[in-house]
Amino acid sequence: MADILNKHSDELGNVLVQVQDDLRQLKRSLGRITFHEKGETVDLQALDAAIRRTESGIRRRAEQYQKTVNRQVLTLPILLFEPPLGSIPDMHHQRGQSVGASPGEKHKAALAMRLLYNPVHPKNRTLMHQNYGIQLPDLRKRSATTTELKENIFPLAPPEKTSQGQKELIWGKDPGPSHGHVGGARERPSTWTIHTPPASANSKSSEHRQMTQGAVRLAPLNPQCLPALASISISKLSFTILEGHINPMAPDFCRFKQHYCLCWGLLVELLSGLGSLLRRYAVPVARVDGERLVQLGGDLDWAVGGGGSSSVERLLSVIENREEVWDLVHRPGQRYRGEGGTEAAAIRIQSCWRRHWARNAYLRHRQRKWAAGTIAISWLMHAQLGRVRKILQESKRTHLDNYRIRGQYLSANWKHIQASRRTIIHIPSLGYSQLQRFSLKGFDVLQNIQMGRLCDVRDDNVEVIYVSPVRLGDDLSQYYTRLLALQQRGQGGLQEATVDPGDGWGGGARTTQASCTKRFTILTPDALEDFPTHNMCLSTLLKYSPRTLRRIRNLIQGQQAYMVGGVAHVDDLAVADELGVPLLGPEPAVARLYSTKSGGRRIFTGAGVNVPPGQWDIYSLQQLHETLAKLMTNHMEVRRWLFKMDSEMGGRGTAYCDVSHLNCSTWAQQEYSHHSPERWRKAWAQEPVLMKYLEEVPEWLSHYAQPVKTSCYPTWACFLDTFLRQGGVVEGYPPSDSVTCLTVDLLLQPDGEVTVLSCGDQLHGPSELETAGSSVPQTSVCPDALHTLCLRVGHACLQRHIIGHVSMDLATFLDPRTLEQQVWAVDLDLSYSNQLAMTQLMLMMTGGSLDCRTSRLEVPLTKVNIMPHTPPQPIGSTLSVASRYAVLGSRLLHTNLSMVHYSVFFQMCKAQGIGFDIKEKQGTVFVLHDSCERNSLGMVTVGDDLQGALMTFARNLSVIHQEISAPNMQGETNFKVHC
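Rules of the game
For every chain, the first residue of its written sequence is number 1, and the numbers climb from 1 along that sequence. Restriction of local features to residues with pLDDT of at least 70 applies here, the model being predicted, together with a cutoff of 80 or more for giving and counting side-chain atom pairs; totals for whole chains, interfaces and linings are based on all residues. Where side-chain values are given, they derive from all heavy atoms of the structure, hydrogens and water being excluded. Orientation is described by axes fitted as lines to C-alpha atoms, over the contacting stretch for helices, and by angles from 0 to 180 degrees between their N-to-C directions. Going along the chain from the N terminus, every DSSP run of H or I of four or more residues is numbered as a helix, and every run of E of two or more is numbered as a strand. What sets the label is the angle itself: under 35 degrees gives roughly parallel, over 145 gives roughly antiparallel, 65 to 115 gives roughly perpendicular, and the rest give oblique. What makes a crossing left-handed is the near helix being turned counterclockwise from the far one by less than a right angle; a clockwise turn instead makes it right-handed. Every residue pair with non-hydrogen atoms within 4.5 Å of one another is taken to be in contact. Residue classes follow a fixed rule: Ala, Val, Leu, Ile, Met, Phe, Trp, Tyr, Cys and Pro count as nonpolar, while Asp, Glu, Lys and Arg count as charged, and any other residue, Gly among them, counts as polar. A simple rule labels every residue: compare its accessible area, found with a 1.4 Å probe on the protein chains alone, to the largest value its type can have, and call it buried under 20%, exposed over 50%, or partly exposed in between. This arc corresponds to the set of directions leading from the helix axis out to the C-beta atoms. Here a strand pair is declared whenever DSSP counts at least two bridges between the two strands. The score called pLDDT rates the predictor's confidence residue by residue, from a low of 0 to a high of 100. A carboxyl oxygen of Asp or Glu within 4 Å of a side-chain nitrogen of Lys or Arg is what we treat as a salt bridge. Stacked, tilted and edge-to-face pairs are distinguished by plane angle, under 30 degrees for stacked and over 60 for edge-to-face with tilted covering the rest, among Phe, Tyr and Trp rings (Trp via its six-membered ring) whose centres lie within 6.5 Å. We call a charge positioned above a ring when the Lys NZ or Arg CZ atom is no farther than 6 Å from the ring centre and deviates by at most 35 degrees from the ring normal. In protein, a polar contact means a hydrogen-donor-capable atom and an acceptor-capable atom, both N or O and within 3.5 Å, with residues adjacent in sequence counting only if both atoms are side-chain atoms; elsewhere, any N or O pair within 3.5 Å suffices.

**Concerning the packing of helix H25 (residues 597-607) against helix H31 (residues 783-799)**
In a pair of packed helices, the angle between the axes and the distance between the axes together describe the arrangement.
Then, number 1: The N-to-C vectors of H25 and H31 enclose an angle of 115°; their axes lie 9 Å apart at closest approach. The angle between H25 and H31 falls in the class roughly perpendicular. The element H25 and its partner H31 pack so that their crossing is right-handed. Between H25 and H31, the contacting residues are Ile603, Phe604 and Ala607 on the first element and Arg792, Val793, Ala796 and Cys797 on the second.
Then, number 2: Of the residues in the contact of H25 with H31, the class split is 6 nonpolar, no polar and 1 charged.

So, in structure tokens, the structure goes:
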């Protein structure tokens, strides 16, 4: 291969030598041309003939050389770029094999072909030798005859003795003005086109042998740079780019271009891109490292492609003063100082504006889309909520309709149901509002203080299903099982009963477990654990307890049953409808209307019973002041005025204010004494006092009004805010120093009859307006008058479709003017009361009966065999009937009770002589509320007389407090009861 290249290089040299001879002949011909001045014409025919001969010679020699090259050495240069089909058989064979090759092998083959196409790549020679057996010369080695090669590559360089005219002709420069004016002559082009590659005949170096075909255009270079080029070492291959333009006449660039002439086609694109980059950023000076440029051009990744910031970085990597250029390129605004900067700035401004406009449009679109989505979601939620509300309303309507249908059945068959075997489902639910439920401590235990409802089993025809709001432990289950077994001591059906003083439960009584213990079931809603902190009422918990409901349905299947609730709630109807049983109680809406303080006064007024002087439905402060001033003027005898919230219970929503704190009270009493009662009713007599009251009432209330339960409402301002929001009543306190309050429990039967179940005098708590218990039967009011009053109130309730259990509070006192007893109806609760539950327990333990028409509690005294191990004897004979009195405490609180287990508590009571004597039907019985907190309990004491029962009750409280308390740990308690 080397011999072939040397041979053709010699032939190329011979052709160039012949061209030089022709040029010398042209020189001699030009030397004979003379120029005439002063308007004489110049004969240029000789010059034209010489030029034509030279062109013909060059063309002829070039064609001869081209034919020679095509015949002999055409294969080699083609192999350097792309071997033709059939020239090398292995190439076609390899291509045929690559058809079925794997993707990895195809990738390797393509990579090898790219390397073969790149003659300056370091692996090009190795692949040519391995694949085709061609040993190419190493282009990286420098030949020792570099100067001679340069002279052969540039054979047209004029010798030093060449005349000026010959130089101008050779380099294409027009004759200057100093050589005379050439008029009408044909100008020669400034460049020459040579169709032979510039190669030297004497060159031995393979890196400068080029077989390029086509035209080479010689730029109008400075001829003085070429002689100097030959004497400079080729190791310095860097060149300078000024303002993004490459000077082709610069010696350093000429040297670089000459050195890498064989791979110049790959460098042109790089130089063009580099120059364009430098012009765009107006880089004044950039020094290019030629070797790095060639390495970048030979990089396969660059040849394949790549752009963006990475391509810019790679282009700048070939620059020697890279830091300066890098700073300029990345300087803000530098792009707009270079080539096309104005257009780029305009494009940038337009793009920024369009981006800003598009961004705003997008934000508006996104906001509108968000708004549309929000509106759509809101509408969907509203529609869904509307559908759910309609479903709930329809469900409530269905429950209400079923309640009314079953109520009609209950009303029509009530006497039959009461005379037959039946099941009573007790659900002691407190259907207060959510705010009230969350404000009550121990709300679950508060719903369970009516465990005395279990005592309905004392009727042999009754089975009880009691739903407990708390989980009862084994100790409570055993306690109530053995306690209920004692109730048959006074019945003739008891077959055996013995007394064992060693038993601490119930004060020493032990009986065989009778059948009544099998007639009650205590259930707990399975949803109790799912809602531990929601303070739901028991009816709601049971509504969401499908397993408990299913068990109740199984227990009452095929039996007469009805449900007895507590404070009415809408879920009572849902539970009753789910169980398919009637509800012994009013509709929830009716109960909410008439269970308020204002609703109770409406019923009392409709019944025609006496009520305290007052006014209901107070909702504004001005109305409160005006009403109170008017009431105080009309009732000068009232010394204290009460303010009661409509929806509160247990004395929580009560406040009071004494008239004695008014500045004008003495003057007002003097004005009142000046008139008779008849004249005082005249408006003109009351006007001065009324105006004075209107002036002083606001300040009087703000300074002297006091809430009863400061734990709920610490100040009058807090109380007043809730009072005006909920509404309430203003009523007078009885004008007497001795006031007794009563609680009467009524059963408004569905068939229209009114039955008085319990009546008792209230025991005051820490204040006169708080209730801690009651004594049964009542002894404050004439029984007949009380019975008549109860019947009137009961019938007034029945007229308003109120059935079930109703509790009524009364106040009795002596009128100071007439000294006659007055009875005022002060409160009405449409629910099963705590007093009634404790009364049921007391009647079960004593086996007695309570006659409210005569206010007598009678218990039978039976004969009991106290000898152990004696045969059972029927003991149905009654020796006598005795009268008893009972004191009931439904919820006695003491925080220290939680530290004593129930077994220890009963052992302590036994040691102190606290217990129940089943023979004498007197003593103490406890009601346990829960197994966890154990900080409250109920207590019933039964005695021969009222004084003895009260003393026993007070003694028990004192003993228990002393036993469970220490001097430094008294605890919180309400054991202080005013009898």
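Additional details are given in the paragraphs that follow.
**Examining helix H33 (residues 902-911)**
Then, number 1: Buried within H33 are the following residues: Tyr902, Phe905, Phe906, Met908 and Cys909. Looking straight down H33, one finds that the buried residues subtend no more than 155° of arc, so they occupy a single side.
Then, number 2: Buried residues along H33 sit in contact with helix H20 (474-485), strand S26 (922-928), strand S27 (936-943) and helix H34 (946-964).
Then, number 3: Two residues or fewer past H33, Gly913 is found with a positive phi of approximately 75°.

**Observations concerning the pairing of strand S13 (residues 654-658)**
Then, number 1: Across the 5 residues of S13, 4 count as buried, placing the element largely inside the fold.
Then, number 2: With 5 bridges joining them, strand S12 (residues 640-645) and S13 adopt antiparallel strand pairing. Looking at the pairing, Lys644 lines up with Thr654 of S13.
Then, number 3: Strand direction decides the pairing type here: S13 and strand S14 (residues 706-707), joined by 2 bridges, are antiparallel. Each bridged residue has a counterpart across the sheet, and for Ala655 the counterpart in S14 is Pro707.

**Details of the confidence of the model for the chain**
Then, number 1: Of the residues in the chain, 74% have a pLDDT of 70 or more, and the chain-wide mean is 78.
Then, number 2: The model gives residues 142-235 a pLDDT under 50, and that stretch makes 139 contacts with residues more than four places away or in other chains.
Then, number 3: Predicted confidence is poor over residues 872-876, with pLDDT under 50, and the contacts of this stretch with residues over four places away or in other chains come to 9 contacts.

**Some details on the sheet that holds strand S15 (residues 728-732)**
Then, number 1: On the basis of which strands lie adjacent, the open sheet formed by 5 strands has the order S11-S15-S12-S13-S14 and antiparallel pairing. Edge strands, defined here as strands with exactly one partner in the open sheet, are strand S11 (614-618) and S14.
Then, number 2: Pairing of S12 with S15, which is carried by 5 bridges, proceeds in the antiparallel orientation. Each residue of the ladder has a partner; that of Phe643, found in S15, is Val730.
Then, number 3: Helix-sheet contacts for H25 involve S11, S12 and S15, and the interaxial angle to S11 is about 135°.
Then, number 4: Docked against the sheet, helix H29 (residues 683-704) engages S12, S13 and S14, running at close to 115° with respect to S13.

**Some words on the pattern of salt bridges**
Then, number 1: Scanning all chains against the criterion turns up 24 salt bridges.
Then, number 2: Its salt-bridge partner being Glu587, residue Arg404 comes within 2.9 Å of it at the nearest N-O pair. Of this pair, Arg404 sits in helix H16 (residues 341-412) while Glu587 sits in the loop between helix H23 (570-579) and helix H24 (588-594); the two residues are 183 residues apart in sequence, bridging distant segments of the chain.

**Here we look at the packing of aromatic side chains**
Then, number 1: All chains considered together, the criterion is met by 18 aromatic pairs.
Then, number 2: Judged by centre distance (5.3 Å) and plane angle (75°), the ring pair of Tyr479 and Tyr480 falls under edge-to-face.
Then, number 3: Assessed through its relative accessible area of 3%, Tyr479 is described here as buried.
Then, number 4: Following the ring pairs from residue to residue traces out a cluster consisting of Phe239, Phe253, Phe256, Tyr260 and Trp264.
Then, number 5: Between the NZ or CZ atom of Arg453 and the centre of the ring of Tyr832, over which it lies, the distance is 4.1 Å.
Then, number 6: Positioned above the aromatic ring of Tyr733, the side-chain terminus of Arg640 is 5.8 Å from the ring centre.

**Regarding the side chain of Ser758**
Then, number 1: Among the structural elements, Ser758 can be located in strand S17 (residues 754-764).
Then, number 2: At 3.2 Å, the side chain of Ser758 forms a polar contact with the side chain of Gln835.
Then, number 3: Of note is the side chain of Ser758, whose polar atom sits 3.0 Å from the side chain of Thr839.

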